[in-house]
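Per-entry structural report
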Amino acid sequence: MGQKKDLTGSEKSKIVRYLAEGCSSLKIAKLLKRDHRTIKRFIQNSQQGGKKRVEKPRRKITAHELRKVKRAAAKMPLATSLAIFQSCNITGVPKSTRCAILRDMAKVRKAERRPPLNKTHKLKRQDWAKKYLKTDFSKVLWTDEMRVSLDGPDGWARGWIGKGQRAPVRLRRQQGGGGVLVWAGIIKDELVGPFRVEDGVKLNSQSYCQFLEDTFFKQWYRKKSASFKKNMIFMQDNAPSHASKYSTAWLARKGIKEEKLMTWPPCSPDLNPIENLWSIIKCEIYKEGKQYTSLNSVWEAVVAAARNVDGEQIKTLTESMDGRLLSVLAKKGGYIGR
């Protein structure tokens, strides 16, 4: 009975089964026709949890190398830990050590998304800020649309999972499972809407104007006093359905024209305070990674979240406009964040 070096996977499975049946190591060796010492060694290693892990000595990082890593991380904010260390010619550092070093000097964050601003855009943003610097923004109605999906934004479904616990299962659907287009406005401390765009309707100039007629004008604007209508300024962004000649002429027939229709600079969602309202609503409806099973259920969640936004929150957003204009001028038309 010759001694072999290694046991096959099949032989290991048989050993486990024979042990469960109460066979001795000597009997198992005879059944498998293997050396008794090989069987005993396998059983002993299994009982001890296998071979002990040999800790390799970790490479020590000098203070000079740490400074190099910090500079590289600042220059390469979206690079991997391996790429950062390689750019510093630091090799032989395991991933766990690289990440531990970087966590002491940096934080993993997603890249911010913002519209591209060229020189013309910046000049127009500055001109807009100068034009409306003395405006009473409590008279401005800030409007916009938002699309909400059944699954919510990518990357939001994260959280702390306890050791030994499995992460919750999420439904996987194309295009977020579909979504609902929502329109709303804010003025002073009041929320107008939200109103739901009919499913399947693509907002072109004609459908946009009809939507405003059926919702904004009939359900809100007509109830306001003549003095309110005289002083109100209507704000909308430069989406094609908003800025077209058809929409502009239609709004003019409704009395919203010239100084009552705010001009809007290109690529400037950071200047619209209602974008912050959308963030508040999305944080509420998608908290704890919540998903929805129907378009009606996500719409109901939007309505409920909007009702929970109080007047003080809205007032804080609308009163932030003076500061936003000053920031635009200070940054020479640059992006100011939200």
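Parameters and conventions
Residues numbered from 1 in each chain as written. Predicted model: local features only at pLDDT ≥ 70, side-chain atom pairs only at ≥ 80, totals over all residues. Heavy atoms only, no water. Helix = DSSP H or I, 4+ residues; strand = E, 2+ residues; numbered from the N terminus. Buried < 20%, exposed > 50% of the residue type's maximum accessible area, 1.4 Å probe, protein only. Lys, Arg positive; Asp, Glu negative; His and termini not counted. Salt bridge = Lys/Arg side-chain N within 4 Å of Asp/Glu carboxyl O. Polar contact = N/O pair within 3.5 Å; in protein donor to acceptor, adjacent residues only side chain to side chain. Contact = heavy atoms within 4.5 Å. Expected span 1.5 Å × (residues − 1).

Note on placement: Arg324 falls in helix H15 (residues 321-330). Of the side chains bearing the opposite charge, Asp270 lies closest to the buried Arg324, which forms no salt bridge; the N-O distance is 7.1 Å. Within the structure, the side chain of Arg324 is placed 3.0 Å from the side chain of Ser320, a separation counted as a polar contact. Apart from the residues within four sequence positions on either side, Arg324 is in contact with Asp270, Leu271, Asn272, Pro273, Asn276, Leu317 and Ile336.

Before going further, it helps to spend a moment on helix H1 (residues 9-20). In this model, H1 (12 residues) spans 17 Å end to end at C-alpha, consistent with the 16 Å of a helix rising 1.5 Å per residue. Gly22 lies just past H1 and shows a positive phi near 95°.

Turning to the pattern of salt bridges, a few remarks are in order. Counting across every chain of the model gives 10 salt bridges. For Glu11, the salt bridge identified is with Arg34, shortest N-O distance 2.7 Å. Placement of the pair is Glu11 in helix H1 and Arg34 in the loop between helix H2 (25-32) and helix H3 (36-47), with a sequence separation of 23 residues. Exposure class is identical for Glu11 and Arg34. Each is buried.

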